[in-house]
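Working through the structure, step by step
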Amino acid sequence: MESTRPRTNYEFARQTLRADILEGRIEPGSKLIQTELATRLGLSTTPVREALQDLAREGLVLLDPHRGAFVRELSLVQVREIYELRMLLEPMLLRRTAGTLDAASLEAAEALRERMSEETDISRWAELNREFHRLLFAPGDGTKLAEIVGSLRDSATPFVALSLREPHQREDSNREHAELIALLRAGDLDAAEALTRRHLEATLRIIAGQAS
């Protein structure tokens, strides 16, 4: 299906730069010069600046007040720490939120899963993946645990994109998402926790293998 250009210049800049970073067309450590990006995209610098600020909040870009904007670089030590924390905290948050997920929320999660199973673009798949997990954790919004998990998930975004370059990784994730929804519908929280932990462990193994 052919994609259409987003309605605003900001959305176009954010979508294009996000895809370029996640799919490796702009490499980690690259300096992002607003005027050069604006010229390449055929835009003014304002939407580019806004897009970079948004991508910085997502964890893809680092903004330094003195040096400018850079694509976040991969640190294996950092990614291990992020994933070890996620393995501890995400199953805990899932158990706390699963009991308050209603049928409508699980239907919405299933709709996202179906879209992901048909999506071939890494950037859009990664964004749908974030929405999927954000939806499952939504009942925990406002808690300190949810805040920490959300920050860790944002920090992991560049690494998730790296893992998606591995053959069959998206297919495996799509299958695990279907299994997770089934477990939540059945109320099997022990199995749902274990699946969440295994998924994170598998992603970390792929990232570590690609970064070594």
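So, how was this worked out
Residues numbered from 1 in each chain as written. Predicted model: local features only at pLDDT ≥ 70, side-chain atom pairs only at ≥ 80, totals over all residues. Heavy atoms only, no water. Pairing = 2+ DSSP bridges. Helix = DSSP H or I, 4+ residues; strand = E, 2+ residues; numbered from the N terminus. Contact = heavy atoms within 4.5 Å. Axes fitted to C-alpha atoms, helices over the stretch in contact; angles between N-to-C directions. Buried < 20%, exposed > 50% of the residue type's maximum accessible area, 1.4 Å probe, protein only. Arc of directions from axis to C-beta. Parallel < 35°, antiparallel > 145°, perpendicular 65-115°, else oblique. Nonpolar A, V, L, I, M, F, W, Y, C, P; charged D, E, K, R; others polar.

**Examining the sheet that holds strand β3 (residues 68-71)**
- Taken in spatial order, the three strands of this open sheet run β1-β3-β2, and their pairing is antiparallel. Edge strands, defined here as strands with exactly one partner in the open sheet, are β1 (31-32) and β2 (61-64).
- Here two bridges tie β1 to β3, and the two strands are oriented antiparallel to one another. Bridged to K31 within β3 is F70.
- Against the sheet, helix α3 (residues 45-58) touches β1, β2 and β3, its axis set at about 110° to β2.

**Looking at helix α2 (residues 34-41)**
- Those residues of α2 that fall on the buried side of the exposure criterion are L37, A38 and L41. For α2, the arc enclosing every buried residue in end-on projection is 100°, short of the 170-degree limit, so these residues lie on one face. Residues of α2 that are exposed and point more than 90 degrees away from the buried face comprise E36 and T39.
- Just past α2, the residue G42 takes up positive phi, approximately 70°.

**Remarks on the packing of helix α1 (residues 9-22) against α2**
- Here α1 crosses α2 at 105°, and the two axes come no closer than 11 Å. The angle between α1 and α2 places the two elements in the roughly perpendicular class. Counting all contacts with α1, which are made through F12, A13, T16, L17 and D20, the residues of α2 involved are L37, R40 and L41.
- Along the lines of polarity and charge, the residues of the contact of α1 with α2 split into five nonpolar, one polar and two charged.

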